[in-house]
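# Chain and residue survey
Take a look at the letters that make up each chain.
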Amino acid sequence: MYLKAINLKGFKSFPDRTRLTFSPGVSVIVGPNGSGKSNITDAVLWALGEQSPTAIRGQQMRDVIFAGGNGQSPRRFAEVEVVIDNSEGRAASEFSEISISRRIERNGDGEYRLNGARCRLVDIVEALSDTNMGREMHSVISQGRVEAIVNSKPRERRMLIEEAAGLGKHRKRRHRAQLKLERTRQN
Ligand code: ATP
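Now for a description of the structure that goes with this document. If you're wondering where the values come from, they're calculated on a predicted model, not measured in any experiment. (Residues numbered from 1 in each chain as written. Predicted model: local features only at pLDDT ≥ 70, side-chain atom pairs only at ≥ 80, totals over all residues. Heavy atoms only, no water.)

Our next topic: the sheet that holds strand β5 (residues 110-114). Spatial strand order, β2-β1-β3-β4-β5-β6: six strands in an open sheet with antiparallel pairing. Pairing within the sheet leaves two strands with one partner each, and these edge strands are β2 (18-21) and β6 (117-119). Mean inter-strand twist for the sheet, computed between neighbouring axes without regard to direction, equals 20°. Bridging between strand β1 (residues 2-9) and β2 involves four bridges; their strand directions are antiparallel. Residue pairing for β2: Leu8 is matched across the bridge by Thr18. Relative to strand β3 (residues 77-85), helix α1 (residues 37-47) is tilted by about 85°, and along the sheet it contacts β1, β2, β3, β4 (97-105) and β5. Relative to β5, helix α2 (residues 121-128) is tilted by about 35°, and along the sheet it contacts β3, β4, β5 and β6. (Pairing = 2+ DSSP bridges. Helix = DSSP H or I, 4+ residues; strand = E, 2+ residues; numbered from the N terminus. Axes fitted to C-alpha atoms, helices over the stretch in contact; angles between N-to-C directions. Contact = heavy atoms within 4.5 Å.)

Okay, here's the thing in structure tokens:
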């Protein structure tokens, strides 16, 4: 399973439709400071359902929409599509290729799509749940985070490694079960 392509339009420093394609293995994006390299990882995080604007270096979600510059006018919406190869069938989908896209308008309206069909965020979380990708999976680690991980306390680092290994899902399940038990006990 690997990231096959990213399509951006109106997202941060990408006002016009931009397609980046990747093959299996290591890919490197090179560019001068401030040229938009981190905006690409922000785009991946965002399309996979990131809910915190600060995690993608903004104050509000609509900050991701191209704000104008270099003689180009601001855009009305931002759209990112992430295409993931699923030929080994790891993700819960019958498709050999999964397309996840997210869009936001200036008025705050937004939508998610899974292989072209409109869906809810939970559908995306569900589709990615066995892939170790998506929110809180640490499949994207940004610049500052590397230092934070190296300097973190063993307890925090353990938490992170466990989440990356897919244990977070089970921990959440256990938490839900404990809440349910507690409700039952009170009843
Ligand atoms: P560094 O090397 O410092 O990590 P980088 O190559 O990763 O930089 P980014 O931080 O991804 O660069 O990109 C920053 C650029 O993106 C800045 O020029 C900023 O003006 C531009 N940018 C971010 N958000 C928007 C937006 N909404 N509209 C227009 N431009 C934006």
